[in-house]
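Architecture and fold: a report
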Amino acid sequence: TPLSRIRNFSIVAHIDHGKSTLADRLIQLTGTVAERDMKEQMLDAMDIERERGITIKANTVRIEYPAKDGQTYILNLIDTPGHVDFAYEVSRSMRAVEGSLLVVDATQGVEAQTLANVYTAIDANHEIVPVLNKIDLPAAEPERVKEQIEDVIGIDASEACLISAKTGIGIPDVLEAIVKRLPPPHSGDPDAPLKAMLVDSWYDSYLGVVVLVRIMDGTLRKGDNIRMMRTGGKYGVDKLAVLKPAMTDVKELGPGEIGVFTGSIKQVRDTRVGDTITHDKRPADKALPGFKPSVPVVFCGLFPVDANEFEDLRDAIEKLALNDASFTYEMETSAALGFGFRCGFLGLLHLEVVRDRLEREYDIDLITTAPSVVYHLFLKDGTQLELHNPADMPDLSTVDHIEEPRIKATILVPDEYLGDVLKLCQDRRGIQLDLTYAGPRAMVVYDLPLNEVVFDFYDRLKSVTKGYASFDYQMEGYREDNLVKMQVLVNDEPVDALSMMVHRDRAEMRGRAMCEKLKDLIPRHMFKIPIQAAIGGKVIARETLSALRKDVTAKCYGGDATRKKKLLEKQKAGKKKMRQFGKVEIPQEAFISALKMD
Ligand code: GTP
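Note that the structure is predicted; figures quoted are calculated from it, not measured.

Attention now moves to the overall build of the protein. Per the secondary structure count, the protein includes 14 helices and 34 strands. Across the protein, contacts joining residues at least 24 apart in sequence account for 69% of those joining residues at least 6 apart. Per element, the accessible surface of the protein, about 26800 Å² overall, is 48% carbon and sulfur.

On the surface, E147, E150, D151, D156 and E159 cluster together to form a negatively charged patch. Within the secondary structure, E159 is located in the loop between α5 (142-153) and β6 (161-162).

Of all hydrophobic cores here, the largest spans 50 residues; its most connected members are L358, I411 and F457. Residues in contact with F457, not counting those within four places in the same chain, are I411, L424, C425, R428, L448, E452 and F471. Among the nonpolar cores identified, the runner-up in size contains 28 residues, and L26, I27, Y65 and A177 belong to it.

This part is about the sheet that holds strand β11 (residues 234-236). Overall, antiparallel pairing links the eight strands, which are arranged β11-β10-β16-β7-β8-β15-β12-β13 in an open sheet. Across the chains shown, the open sheet's two edge strands, defined by having one partner strand only, are β11 and β13 (247-249). Shown here is a sheet whose adjacent strand axes are inclined to one another by a mean of 40 degrees, direction ignored. Note that strand β7 (residues 195-204) and strand β16 (residues 276-279) share two bridges and pair antiparallel. Paired with M197 across the strands is T276, a residue of β16.

Among the residues of helix α3 (residues 87-95), Y88, E89, V90, R92, S93 and M94 are the ones counted as buried. Residues of α3 that are buried in the fold lie against β1 (6-13), β3 (72-79), β4 (99-105), α4 (112-123) and β7.

As enumerated under the stated definition, the model contains 25 salt bridges in all. Ionic pairing is found between K146 and E143, a salt bridge with its closest N-O pair at 3.5 Å. In this pair, K146 and E143 are both assigned in helix α5, three residues apart and thus about one turn of the helix distant. On the accessibility criterion, K146 (13% relative accessible area) is buried. For the salt bridge of D356 with R360, the shortest nitrogen-to-oxygen distance reads 3.5 Å. With D356 and R360 both in helix α8 (residues 348-361) and four residues apart, this pair spans about one turn of that helix. What you see here is one network of salt bridges that share partners, running through E404, R406, R429, D447, E452, R479, D481 and R506.

UniProt records the feature "binding site: GTP" (unreviewed entry) at D16, H17, G18, K19, S20, T21, N133, K134, I135 and D136, using the numbering of this structure. Here D16 is to be found in the loop between β1 and α1 (19-29). Judged by its relative accessible area of 59%, D16 is exposed. Setting aside anything within four residues of it in sequence, one finds D16 in contact with D105 and K134. Within the secondary structure, K134 is located in the loop between β5 (127-133) and α5. Not counting chain neighbours up to four residues away, the residues in contact with K134 comprise D16, H17, D105, T107, A140, I163 and S164. Only 3.2 Å separates the side chain of K134 from the side chain of D105, close enough to count as a polar contact.

Moving on to the pairing of strand β17 (residues 298-304). Among the seven residues of β17, seven are classified as buried, and the element is accordingly described as predominantly covered. Across the two faces of β17 the burial is the same, with V298, C300, L302 and P304 and F299, G301 and F303 all buried. Looking at chain direction, β17 and strand β21 (residues 372-373) are connected through two bridges and run antiparallel. Within β21, the residue paired with F299 across the bridge is S372. Alignment of β17 against strand β19 (residues 338-345), held across five bridges, turns out to be antiparallel. Its bridge partner being in β19, L302 is matched across the sheet by F341. As judged from the three bridges shared by β17 and strand β20 (residues 366-368), these two strands associate in the antiparallel manner. Counted as the bridge partner of L302 is T368 from β20.

So, on to the environment of L545. Mapping L545 onto the fold places it in strand β32 (residues 538-545). Linking L545 and E516, residues 29 residues apart in sequence, is a C-alpha distance of 9.6 Å. Sequence-distant contacts of L545, defined by excluding residues within four places in its chain, comprise K519, I522, P523, R524, F527, K528, I529 and I531.

Attention now goes to the environment of T248. With respect to the helices, strands and loops of the structure, T248 is situated in strand β13. With relative accessibility at 31%, the residue T248 sits in the partly exposed group. With residues up to four places along the chain from it excluded, the contact list for T248 reads L240, A241 and V242.

This part takes up the packing of α3 against α4. The relative placement of two packed helices is expressed as an angle between their axes plus a distance between the axes. At a minimum axis distance of 9 Å, the contact between α3 and α4 shows a crossing angle of 40 degrees. It follows from the interaxial angle that α3 and α4 lie oblique. Both α3 and α4 take part in a crossing whose hand is right-handed. Side by side, α3 and α4 meet where V90, S91, M94 and R95 of the first sit next to N117, T120, A121 and D123 of the second.

Summed over the entire model, instances satisfying the criterion amount to seven aromatic pairs. Centroid distance F310 to F339: 5.7 Å. Interplanar angle 45 degrees. Geometry classified as tilted. You can see F310 sitting in helix α7 (residues 310-323) and its partner F339 sitting in strand β19, a full 29 residues away along the chain. Owing to a relative accessible area of 9%, F310 belongs among the buried residues under this scheme. On the accessibility criterion, F339 (47% relative accessible area) is partly exposed.

This next bit is on the environment of V399. The residue V399 is located in strand β24 (residues 399-414) in this model. Classification of V399 by relative accessible area gives buried; the value is 7%. Linking V399 and K380, residues 19 residues apart in sequence, is a C-alpha distance of 5.6 Å. Excluding anything up to four places from it in sequence, V399 contacts F378, L379, K380, M393 and P394.

This part covers the side chain of D447. As for its position among the elements, D447 is in strand β26 (residues 441-449). Residue classification places D447 among the buried residues on the basis of a relative accessible area of 12%. Side chain to side chain, D447 and R406 meet in a polar contact 2.7 Å long. Within the structure, the side chain of D447 is placed 2.6 Å from the side chain of R479, a separation counted as a polar contact.

Conventions used here
- Residues numbered from 1 in each chain as written.
- Predicted model: local features only at pLDDT ≥ 70, side-chain atom pairs only at ≥ 80, totals over all residues.
- Heavy atoms only, no water.
- Helix = DSSP H or I, 4+ residues; strand = E, 2+ residues; numbered from the N terminus.
- Contact = heavy atoms within 4.5 Å.
- Areas by Shrake-Rupley, 256 points an atom, 1.4 Å probe, with all protein chains shown as cover.
- Patch = residues over 30% accessible without salt bridge, like charges linked within 9 Å, V, L, I, M, F, W, Y side chains within 5 Å.
- Salt bridge = Lys/Arg side-chain N within 4 Å of Asp/Glu carboxyl O.
- Lys, Arg positive; Asp, Glu negative; His and termini not counted.
- Charge placed at Lys NZ, Arg CZ, Asp CG, Glu CD.
- Core = buried A, V, L, I, M, F, W, Y, C linked by side-chain atoms within 4.5 Å.
- Buried < 20%, exposed > 50% of the residue type's maximum accessible area, 1.4 Å probe, protein only.
- Pairing = 2+ DSSP bridges.
- Axes fitted to C-alpha atoms, helices over the stretch in contact; angles between N-to-C directions.
- UniProt positions renumbered as here; feature names shortened; annotations may be inferred.
- Polar contact = N/O pair within 3.5 Å; in protein donor to acceptor, adjacent residues only side chain to side chain.
- Parallel < 35°, antiparallel > 145°, perpendicular 65-115°, else oblique.
- Left-handed = near helix turned anticlockwise from the far one by under 90°.
- Phe/Tyr/Trp six-rings, centres within 6.5 Å; stacked < 30°, edge-to-face > 60°.

Take a look at the structure:
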């Protein structure tokens, strides 16, 4: 196919603005998938994605579109992950295409993720076609949203497509706009040495690792021997296909084209998003620019509730890791929790997704320890350490200073909730960088410690704004601050899974809150239990859980034996989810709940 008849694009949107629905319509209208095979949200494969309405893995589809000018065009849509945790993958996929549809819900307007994603598209030099969705709804205000796009993003929205992805209104205009307003691939020589960008990869239980590539230069053919320029891995191309979205074999892929190949690659880890693929015999002289490996920024411990399930957990984690190269793990032993794993994630959503999959797909009850960010420790003897786990914190007297990661957070919020949002950010040690208005909503930009965001910031933000705020962030680097490790002692035993790094000035407050919470979360025992928070051996907060006096069944007033039995059974079932710490049993949910701040 000549370049002039190829269009490669992505769709950028805030969650729920209708990206997947639009993709479905484009596929449907062009007859790419037969009507009877069409299921809603074709592109959201995994259950969790569907349930949470978020697209995690990039998906791609090739659409053949007979345009009004009489030519048939090949449109390659790359579906980018919508969440900030996958910012690097988003920016890579954007570099693989030349244009974007900017989908904005005409009843909502621009949101924080719209901004983050559209800036990534602009950085990648994309031509951008604004698309206002949901115009079937009475609350749609396309004119106002057009103005907002122009004011806030600074792109021309006068010719935005007005559509309803749900009813199908305006979809033909979107297809025409893709052909007319988005550019074809810039250049590419089919006879040059091969240069293909590795855009994504995933594990398929029948085919093994499948690699999604965008050809920049040269031609990739079935049977070729290829080499990955960063990792040095060499493979033979067994299968070469395009995604419609089902895999359809092709003999070759030329410049500007997007497709997949397989080649006996064992695990997803052997492929790096952003790597350059070339021919082994006639390699390109230079790799594509801008490769950077994705690094985990949030760590937490995962332990089985039932120590006997450790081997099951190991199997499950190893299997998951085959399919997710951005998640890291190593074995960890905790005095309190026994054997488990210290795992690293790209962000909070990534953590939640992995944890959910382990619990759901592998049916393992997990204790998740407090998420922690990566601190830089500078010791007095001049050595520098990365601290992934507060439990590994060396003695304070050996530490010269500690640096913590900071983020730049962008929050869009209706004016009436602005005060609460500012207070929340202030409470989390935020530094306000900017405050402007995007229509009736305020846009605030804060510099915040990642540590303060990692846990429940997003939940709190949602609750103080009744769900009306949108939030996005990017990493900003490290800064020194006065940080200490706070330990929690239950019945005089330190529970390492509850220790955390906190700012010195806030330690007392956090310690007190934690002890109060734990007092409510830990069931009473036959003896008194002191609950304490301490820094370097010095107790800063203390609560006492009084001893249990009466038999729990006493409140069943005598007679009713079945009720008594039921109650005891219930108690027994509840016990399964507890862990023994010395003489004390702590329920599983305490580890997460104790850390929430209200
Ligand atoms: P993610 O991919 O999950 O980030 O979200 P998305 O942007 O793909 O949104 P999705 O397509 O899942 O749509 C979100 C919700 O809006 C769904 O309930 C859709 O049915 C609904 N929706 C999408 N387009 C329209 C539309 O044009 N009109 C109306 N009324 N509802 C729509």
